[in-house]
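# What the coordinates show
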Amino acid sequence: MKKNILFLLTLCIVASCATKTKKPEQRSKFLKGFSTYYNTLFNAKDALNNEFETRDKAHKDNFYAPYIPILTYEDQPLGSDLGQSQSFAENSMKMGEVNRSAQNNSNNKRGGPPAMPPGMPGNNMMSANAGTDSGDSNLPEQKGATTLEIAEAKALKAINKYSVIKHGEEQNKQIFDAYMILAQARIYRGKSLEALDALNYVFTHMKDDKRIPLARIYQGVAYNQIKNYHKAHETFAKLKGEKISKEYEKLLSIYYSESLLDAGKKEEAVKELDNAFELNSNRKLKSRIAYLRGQVLEGLNQNEKARESFMAAYKYANDFEFEVKSQIEIAKTFNGNGDYSGARKYLEDISKKGTYGSRKNEFYYALGLMANKAGKKEEAQEYFRKSLREKVSDGQIRGLAYYEIGKGYLDKNDYIGAGAYYDSALAVMTYEPSKVLLADQSVYIKKISKNYYLIKKNDSILNLAKMSPEQKNDFFTKYIAKIKAKEEKEELEKRRAERNKGFDTGDYSSTSIFANSSNSFEDFGVTAKGFYFSNTGTVSKGTQTFKQTWGDRALVDNWRFSKKMATIEDMKNDALGTTAAPNPRRFEPAFYIEQIPTDAGKLSQLKKDRDTASLGLGVMYQNYFTNTPLATKTLYDLVDVKPEEKVMLQALYEIFAMNHEKNPQAAERAKQILLKDYPYTSYAEFARNPKNSTFVKSSADVENQYKQAFALYESEKFAESRELIDKTIQQYPKDALVPKLYLLNAFNSGKASGKEVMILQLEQIALNYGKTPEGEKAKEMLNYLKSDISFKPTDNKGNAVVQGNSNNMNNAPQQIQQSLNNNSVPQKPGTGQMINSQQSQQPQRLNNNRPKRTANPNQQMQMDSIPAKPQ
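Residues numbered from 1 in each chain as written. Predicted model: local features only at pLDDT ≥ 70, side-chain atom pairs only at ≥ 80, totals over all residues. Heavy atoms only, no water.

### With respect to the overall build of the protein
Helices and strands together make up the secondary structure of the protein, namely 37 helices and two strands. Sequence separation of 24 or more characterises 67% of the internal contacts of the protein that already satisfy a separation of 6 or more. Roughly 47,200 Å² of accessible area belongs to the protein as shown, and the carbon and sulfur atoms make up 51% of that amount. (Helix = DSSP H or I, 4+ residues; strand = E, 2+ residues; numbered from the N terminus. Contact = heavy atoms within 4.5 Å. Areas by Shrake-Rupley, 256 points an atom, 1.4 Å probe, with all protein chains shown as cover.)

What follows is the structure, given as structure tokens:
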């Protein structure tokens with residue numbers, strides 16, 4: 001009996017241990033799901049979480065970019081579980097209240113380019129880094145597999161090993177989570193197309209899963225990353241119309257609003273941000289959404305609504321940095337008509353409270369912005385200077401304070417001061433786009449200041465040269481009196497400083513020669529180290545080190561803050577040609593009078609240099625700062641002093657060209673001077689008939705009339721051809737064939753009236769239509785007609801053959817004659833190249849219809865290319 005029982009027991013054990021291979025669809029779904037999560041999938045999720053934590057530590061918010069991101073890396077959901085993220089938890093408002101004090105002490109600030117930080121799934125810059133593991137250049141380079149690659153590989157391994165397909169449907173629900181991690185890893189690596197491929201599997205084999213809306217959200221994110229905004233918005237909008245869980249609604253509203261911003265749809269983005277603000281109850285998210293909404297509204301010039309949004313951002317802020325930056329934005333959007341005194345008192349009081357005291361420089365900057373909005377320019381400048389005196393908490397804010405002070409100098413036409421502060425701003429700014437823009441302005445200001453102070457200097461010399469000896473003596477006597485008063489004041493302050501030095505705040509016991517000494521008397525001999533100022537090498541080294549650290553400083557109180565004013569004054573003196581070094585004869589009027597030039601040639605050159613600099617200054621005001629009123633005034637002032645003809649023509653042309661469309665009244669005087677005093681120049685021709693700004697395609701009627709005019713030209717009926725052309729241009733001023741008609745008219749004039757008139761009309765064509773084929777042909781003809789080449793016939797031995805006189809056109813070289821008769825004649829519309837497209841025929845505005853001039857207007861301008869009157 002025992003043997004039978006033992007045999008049956010052995011048989012059962014062997015049977016139970018025997019293995020039988022089951023097909024994947026026959027496997028236990030529970031065991032497979034359990035194995036999936038607690039093996040490979042857990043590692044994939046852990047790798048993705050480590051990547052988020054690493055990026056979270058490497059980023060901080062960039063409040064100077066156009067937009068901040070809403071979601072930071074710590075807020076990103078992992079896989080399909082949104083509940084693990086504090087930002088999307090149902091009790092997130094309570095959790096936010098509990099954790100607020102702890103988060104205030106942390107400095108988890110993130111940021112990056114507009115809309116999303118580098119590497120986030122909404123940042124379009126990632127598409128440029130497709131195939132890389134991270135779009136964030138701040139992260140250290142890694143050798144071997146990155147955490148994102150590990151997360152992707154683990155997710156793929158989980159799918160391949162534990163996927164259970166039955167009747168075309170995925171049976172293992174954990175595989176959905178694996179695909180979400182796979183899609184996230186690929187999106188963060190910039191592999192959006194591969195992410196879409198993974199998501200398509202979910203839509204095909206897990207279409208009944210309740211978590212499908214999350215896959216749709218990531219599908220929209222992937223489309224947005226490859227800039228397929230239409231598909232992204234279509235996906236988001238369709239999902240928004242469906243009934244989905246509140247968690248998914250929160251995430252959808254965030255990604256949808258940022259996608260709209262990426263596509264440039266700001267008004268729609270504001271509406272979606274309003275929806276996101278209402279849906280999300282987490283304090284941190286509400287603060288970030290409100291801040292982003294304020295940035296968008298500020299960009300739409302809706303400052304009142306933007307101000308309210310920034311106030312909401314401050315109200316919900318759970319981060320010290322966010323509170324400070326929200327206050328700055330509230331000040332920036334001050335409308336100027338509100339209670340300025342109350343707002344100023346509020347900010348001043350805040351800046352003195354607790355930890356806010358460490359950000360005084362930022363609050364003073366905000367106060368300066370607010371004072372500017374209220375129209376209190378001087379008060380604003382004082383606040384900006386106060387900001388510079390405080391400890392630096394943000395390099396960009398310090399740079400912006402320098403910039404605002406520089407703008408104040410610029411408004412007063414003090415280009416030396418503006419340039420100095422702009423340079424200081426460039427040295428400390430941290431936001432690269434701002435530095436690029438400011439660098440250009442700094443260069444422009446330096447060019448303008450060079451011309452501006454040259455004009456002032458030469459004007460002063462010319463005005464002094466016109467004075468009588470008595471007037472000169474009287475002028476310099478007053479000037480010397482000012483110098484004496486200034487030097488006496490400086491000497492008095494110097495003596496007072498020396499008299500008070502070391503007695504107001506000195507520690508007399510410590511400075512006594514008997515203090516802390518065992519000897520009765522101090523040893524004034526050379527000690528081991530020696531007296532500092534007796535060692536010239538040590539003094540020289542110390543002086544050099546001081547200059548490297550602080551630069552050239554004036555010997556005055558508060559010398560740390562006096563550098564700018566002292567340096568600006570020195571730079572002005574250099575620009576005006578004055579020297580700070582005292583001269584023994586500086587109190588004698590004769591010392592100054594004898595330096596005034598009396599030679600007519602030198603005075604003429606000074607005037608010429610001044611006029612050329614004035615022309616360049618007016619052009620720079622227009623080209624660099626688009627300040628047309630100031631440019632017009634500067635050039636009219638130049639016209640009033642009667643410069644030489646070349647400069648006068650250029651100045652009148654610039655005035656007319658920049659004003660004839662938008663301000664005809666300002667251009668009228670320049671036009672009348674051109675027509676009256678210089679009627680035969682190309683500038684006068686331009687004033688009579690400014691180039692049209694737009695052209696349409698040529699019509700059949702114009703083509704037919706062109707053919708008729710061309711036939712009349714071939715028949716040598718030049719007057720009739722010219723009459724028909726004038727009538728056609730007057731009737732169809734914006735037709736694409738207008739340049740061809742003008743060129744044909746120039747050939748009519750050449751045949752009928754001679755070379756000089758033809759040159760005048762060709763210059764006008766080259767001036768107005770320089771980028772068209774007709775303009776290029778006109779330039780070629782001008783090169784021939786203006787050349788000094790003359791035709792000298794010779795016999796077989798090379799001896800010159802004497803010919804009788806002939807007209808100008810017959811004396812032209814053969815190549816010119818041939819071009820007039822054959823090659824250079826405008827082609828018929830049917831036989832030559834007909835330019836009907838608006839893009840190819842439309843001339844460029846202003847820049848291309850101007851006479852040639854030097855690239856750098858601050859240099860002495862070359863006028864050789866300006867057409868002269870016909871002789």
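### Things to note about the packing of helix α32 (residues 738–753) against helix α33 (residues 755–768)
Contact pair α32 / α33: the axes reach a minimum separation of 8 Å and the direction vectors enclose 165 degrees. In this view, α32 runs roughly antiparallel relative to α33, as classed from their interaxial angle. Considering how the two elements wind past one another, α32 and α33 form a crossing that is left-handed. Listed contacts from α33 to Y742, L743, N745, A746, F747, S749, G750 and S753 of α32 are V757, M758, Q761, L762 and I765. (Axes fitted to C-alpha atoms, helices over the stretch in contact; angles between N-to-C directions. Parallel < 35°, antiparallel > 145°, perpendicular 65-115°, else oblique. Left-handed = near helix turned anticlockwise from the far one by under 90°.)

### Concerning a nonpolar patch on the surface
A cluster of nonpolar residues, F7, L8 and L11, forms a patch on the protein surface that exposes about 330 Å² of accessible area. Within the element layout of this structure, F7 appears in helix α1 (residues 2–17). Take F7: its relative accessible area is 56%, and that puts it in the exposed class. (Patch = residues over 30% accessible without salt bridge, like charges linked within 9 Å, V, L, I, M, F, W, Y side chains within 5 Å. Salt bridge = Lys/Arg side-chain N within 4 Å of Asp/Glu carboxyl O. Buried < 20%, exposed > 50% of the residue type's maximum accessible area, 1.4 Å probe, protein only.)

### Describing the environment of N413
Turning to its location among the elements, N413 is positioned in the loop between α17 (395–411) and α18 (415–428). Separated by 39 residues in sequence, N413 and Y452 have C-alpha atoms that sit 8.9 Å apart.

### Points about the pattern of salt bridges
In total, this model carries 31 salt bridges according to the counting rule given. For the salt bridge of D209 with R211, the shortest nitrogen-to-oxygen distance reads 3.0 Å. Ionic pairing is found between E272 and K240, a salt bridge with its closest N-O pair at 2.6 Å. In this pair, E272 is assigned in helix α10 (residues 266–279) and K240 in helix α8 (residues 229–240), connecting sequence segments 32 residues apart. The class for E272 is buried, based on a relative accessible area of 5%. Put simply, E149, E152, R186, R189 and K191 are held in one network by salt bridges that share partners.

### Focus: helix α34 (residues 773–785)
Across its 13 residues, α34 extends 18 Å between first and last C-alpha, which sits within 8% of the 18 Å expected from 1.5 Å per residue. Of the residues making up α34, those classed as buried are E774, G775, A778, M781, L782 and L785. Along the axis of α34, the buried positions cluster into a sector of 120 degrees, meaning they face one direction only. (Expected span 1.5 Å × (residues − 1). Arc of directions from axis to C-beta.)

### Notes on the side chain of D414
By the secondary structure assignment, D414 is in the loop between α17 and α18. D414 gets classed as buried once you look at its relative accessible area, which sits at 9%. A distance of 3.5 Å separates the side chain of D414 from the side chain of Y453, its partner in a polar contact. (Polar contact = N/O pair within 3.5 Å; in protein donor to acceptor, adjacent residues only side chain to side chain.)

### A closer look at the packing of aromatic side chains
Here the structure, examined in full by the defined rule, presents 31 aromatic pairs. Plain terms: the ring middles of F320 and Y356 are 5.4 Å apart, the flat faces sit at 40 degrees to each other, and that makes the pair tilted. Here F320 is found in helix α13 (residues 320–332), whereas its partner Y356 is found in the loop between α14 (340–350) and α15 (360–373), with 36 residues between them in sequence. The two residues F320 and Y356 agree in class, both being buried. An aromatic cluster is present here, built from F475, F476, Y479, F591 and Y592 joined pairwise through their rings. The cationic tip of R293 hangs over the ring face of F277; the distance from NZ or CZ to the ring centre is 4.9 Å. (Phe/Tyr/Trp six-rings, centres within 6.5 Å; stacked < 30°, edge-to-face > 60°. Lys NZ or Arg CZ within 6 Å of the ring centre and 35° of its normal.)

### As for the nonpolar core
Core analysis: the biggest nonpolar cluster contains 77 residues, and Y179, M180, V202, I217, F236 and L292 have the highest contact counts within it. Considering every element that reaches this core, the biggest residue donor is helix α5 (residues 174–188), with eleven residues. Y179 has contacts with I159, A198, Y201 and V202, leaving out every residue within four places of it along the chain. Grouped together as the second largest cluster of nonpolar side chains are 75 residues, L367, I455, F656 and I673 included. (Core = buried A, V, L, I, M, F, W, Y, C linked by side-chain atoms within 4.5 Å.)

### Topic: helix α9 (residues 246–262)
Turn by turn, an α-helix covers 3.6 residues, leaving residues three or four places apart pointing in a common direction. Along its 17 residues, α9 runs 25 Å from first to last C-alpha, staying within 8% of the 24 Å computed at 1.5 Å per residue. In terms of burial, α9 is largely enclosed, as 14 of its 17 residues are buried. In the segment just after α9, G264 is the residue with positive phi, at about 85 degrees.

### Looking at the environment of R398
For R398, the location among the structural elements is in helix α17. With a relative accessible area of 17%, R398 lands in the buried category. Here the alpha-carbon distance between R398 and S424, two residues 26 residues apart in the chain, equals 9.3 Å. If we skip the residues at most four places from it in the chain, R398 touches S387, L388, E390, V392 and V428.

### Some thoughts on the packing of α13 against α15
Put simply, α13 and α15 touch, their axes get as near as 8 Å, and they point 15 degrees apart. Taken together, α13 and α15 sit at an angle that is classed as roughly parallel. You can see that α13 and α15 cross each other, and the crossing is left-handed. Facing V324, K325, Q327, I328, A331 and K332 of α13, the residues of α15 in contact are E362, F363, Y365, A366, L369, M370 and K373. For the contact of α13 with α15, the residue count by class is eight nonpolar, one polar and four charged. (Nonpolar A, V, L, I, M, F, W, Y, C, P; charged D, E, K, R; others polar.)

### Let's talk about the confidence of the model for the protein
Summing up the model confidence of the protein, the mean pLDDT is 74 and the portion of residues at 70 or higher is 70%. For the protein, the element scoring lowest by mean pLDDT is helix α37 (residues 838–841), at 34; helix α26 (residues 628–640) scores highest, at 92. Here residues 19–27 is modelled with pLDDT under 50, and outside its nearest four sequence neighbours on either side it reaches seven contacts, counting other chains as well. (pLDDT = per-residue confidence, 0-100.)

### Some words on the side chain of R293
By the secondary structure assignment, R293 is in helix α11 (residues 283–299). Looking at R293, its side chain comes within polar contact range of the side chain of D274, at 2.7 Å. When near neighbours in sequence (up to four residues on either side) are disregarded, R293 contacts V270, L273, D274, F277 and S309.

### Describing unusual backbone geometry
Non-glycine residue N301 carries a positive phi angle of around 65 degrees. When you line up the elements, N301 lands in the loop between α11 and α12 (303–316). Positive phi, normally seen in glycine, also occurs at K642, with a value near 55 degrees. Exposure remark for K642: the relative accessible area of 60% places this residue in the exposed category.

### Side note on the environment of L438
Along the chain, the position of L438 falls in helix α19 (residues 432–466). Sequence separation between L438 and A425 is 13 residues; the distance between their C-alpha atoms is 8.3 Å. Discounting chain neighbours no more than four positions away, the residues touching L438 are Y403, Y422, A425, L426 and M429.

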